[in-house]
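Single-letter residue listing:
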Amino acid sequence: MMTSARHPQILPSLPAAAGVGYKPQHFAALTTDPGAVRWLEIHAENYMGAGGRPLAQLRHLADSFPISVHGVGLSIGGEAALDPDHLSRLGHLCDWLQPASFSEHLAWSTHDSAFLNDLLPLPYTDATLTRVADHIDRVQEVLGRQMLLENPSSYLAFAESSWEEPAFLAELTRRTGCGLLLDVNNVFVSATNLGFSPQAYIEAFPLDQVAEIHLGGHDAQADDHGAPLLIDSHGAPVADPVWALLEHVLAGSGARPLLIEWDTDVPDWPVLAAEARRADAALQEAAPSRVPAWA
Amino acid sequence: MGVTETEFTQALLAPDLPVPEGLCDAAGHPAGRRFAVYRNNVAVSLTRALHEGFPVIARLLGPDNMDGLAGLFLRAHPPRSPVLMLYGATFPAFLEGLEQLAHLGYLGDVARLELALRQSYHAADAEPVDAAALAALPPDRLAASRLTLAPAVRLVRSPWPIHDIWRFNTEADAPQPRATAQDVLVVRPEYDPRPVLLPAGGAVFLAALRDGVPLAEADAAARRAAEAFALAPLLAELLSGGAITGIAPASSEGEG
(Lines give C-alpha, C1' and ligand atoms only; values in the text may rest on other atoms or scores of the structure.)
Protein backbone atom coordinates (compact mmCIF):
# COMPACT_ATOMS: atom_id res chain seq x y z
CA MET A 1 0.00 0.00 0.00
CA MET A 2 2.74 2.42 -0.90
CA THR A 3 0.96 5.51 -2.10
CA SER A 4 3.93 7.77 -2.37
CA ALA A 5 3.12 11.44 -2.15
CA ARG A 6 6.32 12.17 -4.03
CA HIS A 7 7.85 10.38 -6.93
CA PRO A 8 10.73 8.17 -5.88
CA GLN A 9 13.89 9.93 -6.91
CA ILE A 10 16.84 8.51 -8.75
CA LEU A 11 19.56 8.54 -6.14
CA PRO A 12 23.17 7.54 -5.99
CA SER A 13 23.37 4.17 -4.26
CA LEU A 14 26.00 2.99 -1.81
CA PRO A 15 28.96 1.31 -3.51
CA ALA A 16 29.67 -2.36 -2.75
CA ALA A 17 32.78 -1.22 -0.91
CA ALA A 18 33.98 -0.41 2.61
CA GLY A 19 32.45 2.44 4.62
CA VAL A 20 32.74 3.67 8.21
CA GLY A 21 30.43 5.28 10.70
CA TYR A 22 31.41 8.95 10.63
CA LYS A 23 32.85 10.53 13.79
CA PRO A 24 33.76 14.24 13.82
CA GLN A 25 37.26 13.51 15.18
CA HIS A 26 38.03 11.76 11.86
CA PHE A 27 36.98 14.66 9.64
CA ALA A 28 40.50 15.78 8.75
CA ALA A 29 41.73 12.25 8.01
CA LEU A 30 38.71 11.45 5.86
CA THR A 31 39.08 14.60 3.81
CA THR A 32 42.80 14.10 3.20
CA ASP A 33 43.42 10.34 3.07
CA PRO A 34 40.33 8.14 3.43
CA GLY A 35 42.25 4.97 2.52
CA ALA A 36 39.84 2.15 1.69
CA VAL A 37 36.78 4.11 2.84
CA ARG A 38 34.41 4.78 -0.06
CA TRP A 39 31.27 5.91 1.80
CA LEU A 40 30.10 7.11 5.20
CA GLU A 41 27.20 6.48 7.52
CA ILE A 42 25.77 9.01 9.96
CA HIS A 43 23.28 8.66 12.77
CA ALA A 44 20.33 10.74 11.61
CA GLU A 45 19.53 12.15 15.05
CA ASN A 46 22.97 13.77 15.37
CA TYR A 47 22.21 15.95 12.34
CA MET A 48 18.84 17.32 13.31
CA GLY A 49 20.06 20.64 14.65
CA ALA A 50 19.25 23.84 12.80
CA GLY A 51 22.83 24.54 11.73
CA GLY A 52 26.39 24.84 12.98
CA ARG A 53 29.45 22.65 12.52
CA PRO A 54 27.76 19.21 12.32
CA LEU A 55 25.71 20.17 9.27
CA ALA A 56 28.54 22.15 7.69
CA GLN A 57 30.88 19.14 7.99
CA LEU A 58 28.24 16.81 6.63
CA ARG A 59 27.57 19.09 3.64
CA HIS A 60 31.29 19.06 2.88
CA LEU A 61 31.64 15.29 3.26
CA ALA A 62 28.62 14.68 1.06
CA ASP A 63 30.52 16.28 -1.82
CA SER A 64 33.12 13.50 -1.61
CA PHE A 65 31.29 10.45 -0.27
CA PRO A 66 27.93 8.75 -0.74
CA ILE A 67 26.18 9.07 2.64
CA SER A 68 24.00 6.53 4.39
CA VAL A 69 21.55 8.01 6.89
CA HIS A 70 21.02 5.54 9.72
CA GLY A 71 18.21 6.35 12.13
CA VAL A 72 18.41 5.23 15.74
CA GLY A 73 15.28 6.84 17.17
CA LEU A 74 12.21 6.16 15.04
CA SER A 75 10.88 3.29 17.18
CA ILE A 76 9.61 1.34 14.18
CA GLY A 77 8.97 -1.70 16.35
CA GLY A 78 6.96 0.29 18.89
CA GLU A 79 3.29 -0.13 19.78
CA ALA A 80 2.42 3.52 19.15
CA ALA A 81 2.09 5.24 15.79
CA LEU A 82 5.35 6.75 14.53
CA ASP A 83 6.11 10.22 15.90
CA PRO A 84 5.05 12.61 13.11
CA ASP A 85 7.55 15.25 14.28
CA HIS A 86 10.40 12.80 14.04
CA LEU A 87 9.27 11.55 10.65
CA SER A 88 9.20 15.10 9.41
CA ARG A 89 12.72 15.74 10.77
CA LEU A 90 13.91 12.65 8.88
CA GLY A 91 12.13 13.86 5.77
CA HIS A 92 13.79 17.25 6.08
CA LEU A 93 17.25 15.70 6.54
CA CYS A 94 16.80 13.39 3.54
CA ASP A 95 15.50 16.22 1.34
CA TRP A 96 18.46 18.38 2.27
CA LEU A 97 21.16 15.71 2.05
CA GLN A 98 19.78 13.40 -0.68
CA PRO A 99 21.56 10.45 0.93
CA ALA A 100 22.33 7.25 -0.91
CA SER A 101 20.47 5.17 1.66
CA PHE A 102 18.18 5.40 4.67
CA SER A 103 18.02 2.63 7.26
CA GLU A 104 16.45 1.98 10.66
CA HIS A 105 16.14 -0.87 13.16
CA LEU A 106 13.73 -3.66 13.96
CA ALA A 107 13.39 -2.33 17.51
CA TRP A 108 11.55 0.24 19.60
CA SER A 109 12.93 3.08 21.68
CA THR A 110 10.02 5.37 22.57
CA HIS A 111 7.17 4.55 24.92
CA ASP A 112 4.51 6.97 26.08
CA SER A 113 6.57 9.83 24.60
CA ALA A 114 9.66 8.91 26.66
CA PHE A 115 12.69 8.24 24.44
CA LEU A 116 14.76 5.49 26.09
CA ASN A 117 17.84 5.75 23.85
CA ASP A 118 18.27 2.01 23.32
CA LEU A 119 17.20 -0.45 20.64
CA LEU A 120 14.65 -2.46 22.58
CA PRO A 121 13.32 -5.86 21.50
CA LEU A 122 9.86 -6.85 20.35
CA PRO A 123 8.14 -10.22 20.12
CA TYR A 124 7.79 -11.68 16.65
CA THR A 125 4.07 -12.41 16.21
CA ASP A 126 1.47 -11.93 13.49
CA ALA A 127 0.31 -8.81 15.30
CA THR A 128 3.76 -7.21 15.54
CA LEU A 129 4.47 -8.15 11.92
CA THR A 130 1.41 -6.20 10.78
CA ARG A 131 2.29 -3.25 12.99
CA VAL A 132 5.91 -3.04 11.85
CA ALA A 133 4.85 -3.39 8.20
CA ASP A 134 2.43 -0.48 8.64
CA HIS A 135 5.20 1.62 10.18
CA ILE A 136 7.60 0.81 7.33
CA ASP A 137 4.90 1.71 4.79
CA ARG A 138 4.52 5.06 6.56
CA VAL A 139 8.27 5.76 6.54
CA GLN A 140 8.60 4.92 2.85
CA GLU A 141 5.56 7.06 2.06
CA VAL A 142 6.88 10.09 3.95
CA LEU A 143 10.47 9.79 2.71
CA GLY A 144 9.45 8.83 -0.83
CA ARG A 145 12.12 6.16 -0.94
CA GLN A 146 12.83 2.56 0.00
CA MET A 147 14.22 2.05 3.49
CA LEU A 148 16.45 -0.69 4.84
CA LEU A 149 15.59 -2.48 8.08
CA GLU A 150 18.35 -3.84 10.34
CA ASN A 151 18.28 -7.06 12.37
CA PRO A 152 18.83 -6.39 16.10
CA SER A 153 21.20 -7.75 18.72
CA SER A 154 19.16 -9.83 21.18
CA TYR A 155 19.88 -10.56 24.82
CA LEU A 156 16.64 -12.37 25.58
CA ALA A 157 13.66 -13.92 23.83
CA PHE A 158 9.89 -13.50 24.13
CA ALA A 159 7.99 -16.65 25.07
CA GLU A 160 5.13 -15.42 22.89
CA SER A 161 7.17 -15.17 19.65
CA SER A 162 5.86 -17.35 16.85
CA TRP A 163 8.17 -16.26 14.02
CA GLU A 164 11.89 -16.85 13.53
CA GLU A 165 13.69 -13.56 12.96
CA PRO A 166 14.90 -14.23 9.37
CA ALA A 167 11.40 -15.27 8.30
CA PHE A 168 9.92 -12.24 10.06
CA LEU A 169 12.31 -9.94 8.17
CA ALA A 170 11.72 -11.73 4.87
CA GLU A 171 7.97 -11.33 5.27
CA LEU A 172 8.43 -7.61 6.01
CA THR A 173 10.36 -7.13 2.77
CA ARG A 174 7.61 -8.98 0.90
CA ARG A 175 4.84 -6.88 2.40
CA THR A 176 6.49 -3.46 2.25
CA GLY A 177 9.15 -3.60 -0.42
CA CYS A 178 11.77 -2.48 2.09
CA GLY A 179 15.34 -3.73 1.84
CA LEU A 180 17.44 -5.20 4.63
CA LEU A 181 20.57 -4.15 6.46
CA LEU A 182 22.27 -7.30 7.72
CA ASP A 183 24.37 -6.67 10.83
CA VAL A 184 26.68 -9.68 10.98
CA ASN A 185 27.90 -8.85 14.47
CA ASN A 186 24.29 -8.70 15.65
CA VAL A 187 23.70 -12.16 14.18
CA PHE A 188 26.73 -13.52 16.03
CA VAL A 189 25.76 -11.79 19.29
CA SER A 190 22.14 -12.97 19.12
CA ALA A 191 23.14 -16.51 18.10
CA THR A 192 25.53 -16.77 21.05
CA ASN A 193 23.03 -15.26 23.48
CA LEU A 194 20.06 -17.28 22.32
CA GLY A 195 21.84 -20.49 21.42
CA PHE A 196 21.18 -20.80 17.70
CA SER A 197 23.55 -21.41 14.82
CA PRO A 198 24.65 -18.16 13.16
CA GLN A 199 25.31 -20.05 9.92
CA ALA A 200 21.78 -21.45 9.93
CA TYR A 201 20.44 -17.92 10.53
CA ILE A 202 22.38 -16.65 7.50
CA GLU A 203 21.11 -19.55 5.41
CA ALA A 204 17.53 -18.65 6.35
CA PHE A 205 18.12 -14.93 5.73
CA PRO A 206 16.85 -13.40 2.46
CA LEU A 207 20.33 -12.37 1.27
CA ASP A 208 18.96 -11.12 -2.04
CA GLN A 209 17.22 -8.31 -0.12
CA VAL A 210 20.40 -7.19 1.66
CA ALA A 211 21.51 -3.76 0.46
CA GLU A 212 24.04 -3.08 3.24
CA ILE A 213 26.07 -5.05 5.79
CA HIS A 214 27.24 -3.86 9.22
CA LEU A 215 30.21 -5.07 11.23
CA GLY A 216 31.00 -3.91 14.75
CA GLY A 217 32.68 -4.99 17.96
CA HIS A 218 31.10 -6.64 21.00
CA ASP A 219 31.94 -7.26 24.66
CA ALA A 220 31.67 -10.60 26.45
CA GLN A 221 29.88 -11.16 29.78
CA ALA A 222 28.00 -14.09 31.34
CA ASP A 223 24.36 -14.55 32.35
CA ASP A 224 22.96 -15.87 35.69
CA HIS A 225 23.78 -19.46 34.67
CA GLY A 226 27.32 -18.72 33.51
CA ALA A 227 26.30 -18.87 29.85
CA PRO A 228 28.08 -16.40 27.57
CA LEU A 229 26.26 -13.10 27.14
CA LEU A 230 27.66 -10.93 24.38
CA ILE A 231 26.95 -7.21 24.38
CA ASP A 232 26.76 -5.25 21.13
CA SER A 233 29.01 -2.40 22.28
CA HIS A 234 30.40 -0.94 19.03
CA GLY A 235 33.41 -0.18 21.17
CA ALA A 236 35.99 -2.74 20.01
CA PRO A 237 37.52 -4.24 16.86
CA VAL A 238 35.35 -6.69 14.93
CA ALA A 239 35.85 -10.14 16.49
CA ASP A 240 37.46 -12.94 14.45
CA PRO A 241 34.39 -15.24 14.43
CA VAL A 242 32.38 -12.29 13.06
CA TRP A 243 34.87 -11.86 10.21
CA ALA A 244 34.50 -15.59 9.55
CA LEU A 245 30.72 -15.28 9.53
CA LEU A 246 31.03 -12.35 7.12
CA GLU A 247 32.84 -14.65 4.65
CA HIS A 248 29.90 -17.02 4.87
CA VAL A 249 27.51 -14.12 4.17
CA LEU A 250 29.51 -12.75 1.24
CA ALA A 251 29.78 -16.22 -0.30
CA GLY A 252 26.02 -16.17 -0.54
CA SER A 253 25.35 -12.51 -1.26
CA GLY A 254 28.34 -11.34 -3.25
CA ALA A 255 29.92 -7.97 -2.47
CA ARG A 256 27.68 -5.49 -0.71
CA PRO A 257 28.20 -2.06 0.90
CA LEU A 258 30.06 -3.02 4.08
CA LEU A 259 30.25 -0.72 7.11
CA ILE A 260 32.54 -0.71 10.14
CA GLU A 261 30.67 0.71 13.16
CA TRP A 262 32.68 2.02 16.09
CA ASP A 263 30.61 4.32 18.31
CA THR A 264 32.06 4.18 21.83
CA ASP A 265 35.71 4.47 22.83
CA VAL A 266 36.22 5.66 19.26
CA PRO A 267 39.81 4.89 18.20
CA ASP A 268 42.27 7.11 16.40
CA TRP A 269 41.89 7.11 12.65
CA PRO A 270 44.65 4.54 11.81
CA VAL A 271 42.85 1.86 13.84
CA LEU A 272 39.53 2.45 12.12
CA ALA A 273 41.25 2.76 8.74
CA ALA A 274 42.82 -0.68 9.29
CA GLU A 275 39.39 -2.19 10.00
CA ALA A 276 38.11 -0.60 6.79
CA ARG A 277 41.06 -2.09 4.87
CA ARG A 278 40.22 -5.50 6.24
CA ALA A 279 36.58 -5.04 5.18
CA ASP A 280 37.74 -3.99 1.74
CA ALA A 281 39.94 -7.09 1.50
CA ALA A 282 37.00 -9.31 2.44
CA LEU A 283 34.97 -7.71 -0.35
CA GLN A 284 37.78 -8.19 -2.88
CA GLU A 285 37.80 -11.89 -2.01
CA ALA A 286 34.07 -12.12 -2.37
CA ALA A 287 33.40 -9.91 -5.32
CA PRO A 288 32.21 -12.00 -8.21
CA SER A 289 34.15 -11.32 -11.36
CA ARG A 290 32.41 -8.71 -13.46
CA VAL A 291 33.86 -10.32 -16.59
CA PRO A 292 31.52 -13.08 -17.76
CA ALA A 293 33.13 -16.51 -18.13
CA TRP A 294 32.59 -16.52 -21.90
CA ALA A 295 34.37 -13.21 -22.53
CA MET B 1 -0.19 -13.40 27.54
CA GLY B 2 2.54 -11.23 26.11
CA VAL B 3 4.79 -8.63 27.64
CA THR B 4 3.50 -5.13 26.99
CA GLU B 5 5.71 -2.15 26.23
CA THR B 6 4.38 -0.50 29.39
CA GLU B 7 5.53 -3.41 31.58
CA PHE B 8 8.87 -3.54 29.78
CA THR B 9 9.43 0.22 30.17
CA GLN B 10 8.44 0.34 33.83
CA ALA B 11 10.85 -2.48 34.67
CA LEU B 12 13.51 -0.85 32.52
CA LEU B 13 13.45 2.39 34.51
CA ALA B 14 12.99 0.81 37.97
CA PRO B 15 15.81 -1.64 38.74
CA ASP B 16 14.00 -2.86 41.86
CA LEU B 17 10.97 -4.07 39.89
CA PRO B 18 10.99 -7.74 38.83
CA VAL B 19 11.83 -8.60 35.23
CA PRO B 20 8.53 -9.03 33.33
CA GLU B 21 7.36 -12.62 32.95
CA GLY B 22 7.47 -13.91 29.40
CA LEU B 23 11.06 -12.81 28.78
CA CYS B 24 13.44 -15.75 28.74
CA ASP B 25 16.76 -17.19 27.64
CA ALA B 26 17.17 -19.91 25.01
CA ALA B 27 16.34 -22.65 27.51
CA GLY B 28 13.16 -20.93 28.62
CA HIS B 29 14.62 -19.73 31.95
CA PRO B 30 13.47 -16.29 33.10
CA ALA B 31 15.60 -13.59 31.50
CA GLY B 32 17.19 -12.46 34.79
CA ARG B 33 20.28 -10.37 34.27
CA ARG B 34 19.83 -10.49 30.51
CA PHE B 35 17.17 -7.84 31.08
CA ALA B 36 19.79 -5.83 32.95
CA VAL B 37 21.63 -5.34 29.66
CA TYR B 38 18.76 -3.13 28.47
CA ARG B 39 18.47 -1.40 31.87
CA ASN B 40 22.17 -0.68 31.72
CA ASN B 41 22.12 0.53 28.10
CA VAL B 42 19.38 3.06 28.86
CA ALA B 43 20.93 4.39 32.07
CA VAL B 44 24.52 4.47 30.81
CA SER B 45 23.74 6.09 27.46
CA LEU B 46 21.57 8.84 28.95
CA THR B 47 24.03 9.41 31.79
CA ARG B 48 26.76 9.80 29.18
CA ALA B 49 24.59 12.30 27.28
CA LEU B 50 24.23 14.39 30.45
CA HIS B 51 27.98 14.25 31.18
CA GLU B 52 28.68 15.42 27.62
CA GLY B 53 26.01 18.11 27.76
CA PHE B 54 27.01 19.49 31.18
CA PRO B 55 30.78 18.94 31.52
CA VAL B 56 31.27 21.82 33.98
CA ILE B 57 28.46 20.60 36.23
CA ALA B 58 30.04 17.13 36.12
CA ARG B 59 33.39 18.66 37.09
CA LEU B 60 31.88 20.70 39.91
CA LEU B 61 30.05 17.70 41.35
CA GLY B 62 32.63 15.03 40.60
CA PRO B 63 31.94 12.09 38.26
CA ASP B 64 30.30 9.82 40.86
CA ASN B 65 27.88 12.46 42.10
CA MET B 66 27.10 13.38 38.51
CA ASP B 67 26.34 9.72 37.73
CA GLY B 68 23.99 9.57 40.69
CA LEU B 69 22.20 12.79 39.77
CA ALA B 70 21.95 11.73 36.14
CA GLY B 71 20.33 8.49 37.26
CA LEU B 72 17.70 10.41 39.20
CA PHE B 73 17.16 12.90 36.42
CA LEU B 74 16.85 10.44 33.55
CA ARG B 75 14.16 8.49 35.41
CA ALA B 76 12.20 11.60 36.42
CA HIS B 77 12.75 13.40 33.11
CA PRO B 78 13.47 10.93 30.31
CA PRO B 79 14.08 12.57 26.91
CA ARG B 80 10.89 13.59 25.11
CA SER B 81 12.58 13.45 21.73
CA PRO B 82 15.14 11.17 20.03
CA VAL B 83 17.18 14.29 19.24
CA LEU B 84 19.49 14.08 22.24
CA MET B 85 21.52 17.17 21.35
CA LEU B 86 18.77 19.11 23.13
CA TYR B 87 18.36 16.75 26.10
CA GLY B 88 18.57 18.29 29.55
CA ALA B 89 16.61 21.52 29.10
CA THR B 90 14.98 20.88 32.50
CA PHE B 91 18.25 19.83 34.18
CA PRO B 92 19.02 23.34 35.58
CA ALA B 93 15.65 23.56 37.35
CA PHE B 94 16.05 19.95 38.51
CA LEU B 95 19.40 20.82 40.13
CA GLU B 96 17.82 23.82 41.86
CA GLY B 97 15.04 21.66 43.22
CA LEU B 98 17.34 19.22 45.03
CA GLU B 99 17.60 19.94 48.73
CA GLN B 100 20.99 18.26 49.05
CA LEU B 101 22.42 20.76 46.53
CA ALA B 102 20.80 23.85 48.06
CA HIS B 103 24.21 25.04 49.35
CA LEU B 104 25.48 25.18 45.75
CA GLY B 105 23.02 27.82 44.59
CA TYR B 106 24.97 28.62 41.41
CA LEU B 107 24.63 25.14 39.86
CA GLY B 108 21.35 25.89 38.09
CA ASP B 109 22.66 28.99 36.33
CA VAL B 110 25.97 27.34 35.42
CA ALA B 111 23.91 24.52 33.88
CA ARG B 112 21.84 27.16 32.02
CA LEU B 113 25.06 28.59 30.59
CA GLU B 114 26.15 25.12 29.42
CA LEU B 115 22.74 24.58 27.87
CA ALA B 116 22.97 27.96 26.12
CA LEU B 117 26.39 27.04 24.70
CA ARG B 118 25.02 23.73 23.39
CA GLN B 119 21.94 25.38 21.87
CA SER B 120 24.18 27.98 20.26
CA TYR B 121 26.40 25.25 18.76
CA HIS B 122 23.40 23.71 16.97
CA ALA B 123 21.58 26.96 16.10
CA ALA B 124 20.88 27.98 12.54
CA ASP B 125 23.64 29.62 10.50
CA ALA B 126 23.22 33.25 9.48
CA GLU B 127 25.42 35.66 7.55
CA PRO B 128 26.68 38.37 9.94
CA VAL B 129 26.92 42.01 8.93
CA ASP B 130 30.43 43.40 9.05
CA ALA B 131 31.65 46.41 10.98
CA ALA B 132 31.99 48.46 7.78
CA ALA B 133 28.27 48.19 7.05
CA LEU B 134 27.49 49.57 10.49
CA ALA B 135 30.15 52.29 10.24
CA ALA B 136 28.83 53.38 6.83
CA LEU B 137 25.48 54.44 8.30
CA PRO B 138 25.02 58.12 9.27
CA PRO B 139 24.84 58.33 13.08
CA ASP B 140 21.17 59.36 13.20
CA ARG B 141 20.18 56.52 10.89
CA LEU B 142 22.17 54.05 12.98
CA ALA B 143 20.59 55.33 16.19
CA ALA B 144 17.11 54.69 14.81
CA SER B 145 17.98 51.23 13.40
CA ARG B 146 16.88 47.90 14.76
CA LEU B 147 19.58 45.23 14.90
CA THR B 148 18.79 41.59 14.26
CA LEU B 149 20.73 39.13 16.44
CA ALA B 150 22.03 35.83 15.07
CA PRO B 151 20.05 32.66 15.91
CA ALA B 152 23.14 31.40 17.79
CA VAL B 153 23.12 34.32 20.26
CA ARG B 154 22.07 33.46 23.81
CA LEU B 155 21.80 35.53 26.98
CA VAL B 156 22.07 34.08 30.50
CA ARG B 157 21.57 36.40 33.51
CA SER B 158 22.61 35.28 36.97
CA PRO B 159 23.10 36.56 40.52
CA TRP B 160 26.12 34.20 40.59
CA PRO B 161 29.58 34.54 38.99
CA ILE B 162 28.73 32.00 36.30
CA HIS B 163 31.23 33.26 33.75
CA ASP B 164 34.08 33.03 36.26
CA ILE B 165 32.95 29.57 37.41
CA TRP B 166 32.68 28.37 33.81
CA ARG B 167 36.16 29.67 32.97
CA PHE B 168 37.71 28.31 36.16
CA ASN B 169 36.49 24.84 35.22
CA THR B 170 37.36 24.93 31.53
CA GLU B 171 40.54 27.01 31.21
CA ALA B 172 43.96 26.12 32.59
CA ASP B 173 45.00 29.48 34.10
CA ALA B 174 41.64 31.11 34.78
CA PRO B 175 41.47 33.20 37.96
CA GLN B 176 39.41 32.26 41.03
CA PRO B 177 35.75 33.22 40.64
CA ARG B 178 34.83 36.58 42.17
CA ALA B 179 31.81 36.99 44.45
CA THR B 180 29.61 38.91 42.02
CA ALA B 181 26.56 38.62 39.79
CA GLN B 182 27.39 37.95 36.14
CA ASP B 183 25.36 38.14 32.93
CA VAL B 184 26.77 36.21 30.00
CA LEU B 185 26.31 36.64 26.27
CA VAL B 186 26.95 33.63 24.04
CA VAL B 187 28.12 34.44 20.52
CA ARG B 188 29.16 32.00 17.81
CA PRO B 189 31.65 33.38 15.32
CA GLU B 190 31.72 30.64 12.64
CA TYR B 191 31.07 27.41 14.54
CA ASP B 192 32.44 27.68 18.07
CA PRO B 193 30.23 29.31 20.72
CA ARG B 194 32.02 31.76 23.01
CA PRO B 195 30.72 33.04 26.36
CA VAL B 196 31.31 36.78 26.83
CA LEU B 197 31.01 38.46 30.24
CA LEU B 198 28.61 41.38 29.89
CA PRO B 199 29.21 44.76 31.53
CA ALA B 200 26.51 46.17 33.81
CA GLY B 201 23.58 47.20 31.64
CA GLY B 202 24.65 44.86 28.84
CA ALA B 203 21.88 42.35 29.40
CA VAL B 204 19.26 45.12 29.42
CA PHE B 205 20.68 46.41 26.14
CA LEU B 206 20.59 42.98 24.50
CA ALA B 207 17.13 42.15 25.76
CA ALA B 208 15.93 45.45 24.27
CA LEU B 209 17.60 44.69 20.92
CA ARG B 210 15.97 41.28 20.90
CA ASP B 211 12.60 42.95 21.50
CA GLY B 212 13.14 45.07 18.40
CA VAL B 213 13.90 48.33 20.21
CA PRO B 214 15.92 50.81 18.10
CA LEU B 215 19.61 51.06 18.95
CA ALA B 216 19.53 54.50 20.65
CA GLU B 217 16.58 53.52 22.81
CA ALA B 218 18.24 50.22 23.80
CA ASP B 219 21.37 52.22 24.67
CA ALA B 220 19.31 54.61 26.80
CA ALA B 221 17.61 51.72 28.60
CA ALA B 222 21.02 50.22 29.39
CA ARG B 223 22.27 53.56 30.76
CA ARG B 224 19.22 53.83 32.98
CA ALA B 225 20.08 50.36 34.34
CA ALA B 226 23.81 51.13 34.68
CA GLU B 227 25.15 54.65 34.37
CA ALA B 228 28.57 53.56 33.16
CA PHE B 229 27.22 51.47 30.29
CA ALA B 230 29.30 52.04 27.15
CA LEU B 231 27.77 51.14 23.81
CA ALA B 232 30.86 51.05 21.59
CA PRO B 233 32.81 48.17 23.20
CA LEU B 234 29.72 45.95 23.36
CA LEU B 235 28.86 46.68 19.72
CA ALA B 236 32.44 45.76 18.81
CA GLU B 237 32.07 42.51 20.77
CA LEU B 238 28.83 41.71 18.96
CA LEU B 239 30.38 42.42 15.57
CA SER B 240 33.49 40.33 16.22
CA GLY B 241 31.27 37.52 17.44
CA GLY B 242 29.20 37.57 14.27
CA ALA B 243 26.18 38.27 16.45
CA ILE B 244 24.49 40.94 14.30
CA THR B 245 22.85 39.64 11.15
CA GLY B 246 20.70 42.56 10.09
CA ILE B 247 20.34 46.34 10.34
CA ALA B 248 16.82 47.55 9.67
CA PRO B 249 16.03 51.24 9.46
CA ALA B 250 13.21 52.21 11.82
CA SER B 251 9.94 52.10 9.91
CA SER B 252 8.73 55.32 11.56
CA GLU B 253 11.67 57.15 9.96
CA GLY B 254 9.99 57.03 6.58
CA GLU B 255 12.18 56.89 3.49
CA GLY B 256 14.43 59.70 4.84
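Rules and cut-offs
Residues numbered from 1 in each chain as written. Chains lettered and ligands numbered in written order. Predicted model: local features only at pLDDT ≥ 70, side-chain atom pairs only at ≥ 80, totals over all residues. Heavy atoms only, no water. Helix = DSSP H or I, 4+ residues; strand = E, 2+ residues; numbered from the N terminus. Rg over C-alpha atoms; globule rule 2.2 N^0.38 Å. Buried < 20%, exposed > 50% of the residue type's maximum accessible area, 1.4 Å probe, protein only. Contact = heavy atoms within 4.5 Å. Areas by Shrake-Rupley, 256 points an atom, 1.4 Å probe, with all protein chains shown as cover. Lys, Arg positive; Asp, Glu negative; His and termini not counted. Charge placed at Lys NZ, Arg CZ, Asp CG, Glu CD. Domains from an automatic or database assignment. Buried area = accessible area lost by both parts, 1.4 Å probe. Salt bridge = Lys/Arg side-chain N within 4 Å of Asp/Glu carboxyl O. Polar contact = N/O pair within 3.5 Å; in protein donor to acceptor, adjacent residues only side chain to side chain. Nonpolar A, V, L, I, M, F, W, Y, C, P; charged D, E, K, R; others polar. Pairing = 2+ DSSP bridges.

## Considering the overall build of chain A
Of regular secondary structure, chain A possesses nine helices and 13 strands. A compact globule built from 295 residues should have a C-alpha radius of gyration of about 19 Å, and chain A, at 19 Å, falls within 12% of that. Out of the 295 residues belonging to chain A, those deemed buried represent 57%. Within chain A, contacts between residues at least 6 apart in sequence are counted, and of these 78% link residues at least 24 apart. Carbon together with sulfur atoms contributes 53% to the accessible area of chain A, which is approximately 11900 Å² in total. Separation between the mean location of the 15 positive side-chain charges and that of the 37 negative ones in chain A comes to 10 Å.

## Some details on the domain arrangement of chain B
The assigned domain composition of chain B is domain 1 (1-104) and domain 2 (126-256). When each unit is reduced to the centre of its C-alpha atoms, the spacing between domain 1 of chain B and domain 2 of chain B is 39 Å.

## Some words on the interface of chain B and chain A
Each partner contributes to the interface: chain B provides 43 residues, whereas chain A provides 51 residues. Carbon and sulfur atoms supply 57% of the area that chain B and chain A bury against each other, a total of about 3900 Å² over both sides. The largest per-residue losses of area from chain B upon contact with chain A belong to Glu 5, Arg 34 and Tyr 38 of chain B, which jointly make up 21% of the total buried on that side. Our enumeration of links across chain B and chain A arrives at two salt bridges. Residues Arg 34 of chain B and Asp 223 of chain A are paired through a salt bridge, measuring 3.0 Å at the closest nitrogen-oxygen approach. Taken together, the connections running from chain B to chain A amount to 23 residue pairs in polar contact (both at pLDDT 80 or more). Taken together, the elements giving at least two residues each to the side of chain B that touches chain A come down to helix 1 (5-13), strand 1 (23-24), helix 2 (33-53) and helix 6 (107-122) of chain B. If you tally residues by element for the side of chain B that touches chain A, the top one is helix 2 of chain B, at 10 residues. Partitioning the side of chain B that touches chain A into residue classes produces 23 nonpolar, 11 polar and nine charged. Bridging between strand 8 (residues 157-158) of chain A and strand 1 of chain B involves two bridges; their strand directions are antiparallel.

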